[in-house]
Amino acid sequence: MDAQDLGKAFHGTDIIAEPGEVVVRKGNANLWRGKEAVGGRLWLTSNWLVFHAHSVNYQAGVWAWPLKDIITTTPVNTLAIVPNGMEIALRSDERIRFVVHRRREWMNAIETTKG
């Protein structure tokens, strides 16, 4: 993926791309924020996991987590039966849940990229 993709990933943030940083994966996703599944796009770069909410959501905005802060990725089911969720555990004890297409590929990409 090219520099334009990297610019889109960091648009709306104060993150400055490191030399050599690249977009590893991107796709549609929902971020669970309280009771709302906020629709948007998820970006994985060589250093960050970034979520951009669609502007039509009640909770619009951009959230970003450094890969160095991610401890684990775990598969979770949405609605208790749909196998399309993943949970990210951070060093701060925060847990972040996403609904993504091909969650195993996302989880593998995050684990491989963070090293």
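This text goes with the structure placed above it.
Residues numbered from 1 in each chain as written. Predicted model: local features only at pLDDT ≥ 70, side-chain atom pairs only at ≥ 80, totals over all residues. Heavy atoms only, no water.

This brings us to the nonpolar core. Membership of the largest hydrophobic core comes to 22 residues, with the highest contact counts inside it found for Leu 42, Leu 49, Phe 51, Trp 65, Met 86, Ile 88 and Phe 98. For this core, the secondary structure elements donating two or more residues are strand S1 (23-33), strand S2 (36-45), strand S3 (48-53), strand S4 (62-66), strand S6 (82-90), strand S7 (95-100) and helix H2 (103-114). Here this core gets four residues from one element, more than from any other, and that element is H2. Beyond its immediate chain neighbours, meaning those up to four positions away, Trp 65 contacts Leu 31, Asn 47, Trp 48, Leu 49, Phe 51, Leu 90, Ile 96 and Phe 98. One finds Ala 9, Ile 15, Trp 43 and Val 50 within the second-largest nonpolar core, a separate group that totals seven residues. (Core = buried A, V, L, I, M, F, W, Y, C linked by side-chain atoms within 4.5 Å. Buried < 20%, exposed > 50% of the residue type's maximum accessible area, 1.4 Å probe, protein only. Helix = DSSP H or I, 4+ residues; strand = E, 2+ residues; numbered from the N terminus. Contact = heavy atoms within 4.5 Å.)

The final tally for this structure, using the stated rule, is seven salt bridges. Taken together, the shared-partner salt bridges in this structure form one network comprising Arg 25, Arg 102 and Glu 105. (Salt bridge = Lys/Arg side-chain N within 4 Å of Asp/Glu carboxyl O.)

For a regular strand, side-chain orientation follows a simple rule: the groups alternate between the two sheet faces. For S1 and S2, the ladder comprises ten bridges, and the chain directions are antiparallel. Each bridged residue has a counterpart across the sheet, and for Leu 31 the counterpart in S2 is Val 38. The antiparallel pairing of S1 with S2 creates a hairpin that spans two residues between the two strands, and Gly 34 there sits at a positive phi of about 70°. Of the pairings in the sheet, the one linking S1 to S7 comprises three bridges and is antiparallel in character. If you follow Asn 30 over to S7, its bridge partner there is Val 99. (Pairing = 2+ DSSP bridges.)

Moving on, we come to H2. Given a rise of 1.5 Å per residue, twelve residues ought to cover 16 Å, and the 16 Å separating the end C-alpha atoms of H2 matches this to within 8%. Within the span of H2, buried status applies to Arg 103, Trp 106, Met 107, Ala 109 and Ile 110. One side of H2 holds all its buried residues, which, seen down the axis, span an arc of 160°. In this structure, the buried side of H2 is in contact with S1, S2, S3, strand S5 (70-78), S6 and S7. (Expected span 1.5 Å × (residues − 1). Arc of directions from axis to C-beta.)

The next subject is the sheet that holds S5. Across the sheet, seven strands lie side by side as S4-S3-S2-S1-S7-S6-S5; this open sheet has antiparallel pairing. Both outer strands of the open sheet, S4 and S5, are each paired with one neighbouring strand and no more. Sheet twist, expressed as the average angle between the axes of neighbouring strands with direction ignored, equals 30°. Looking at chain direction, S2 and S3 are connected through five bridges and run antiparallel. (Axes fitted to C-alpha atoms, helices over the stretch in contact; angles between N-to-C directions.)

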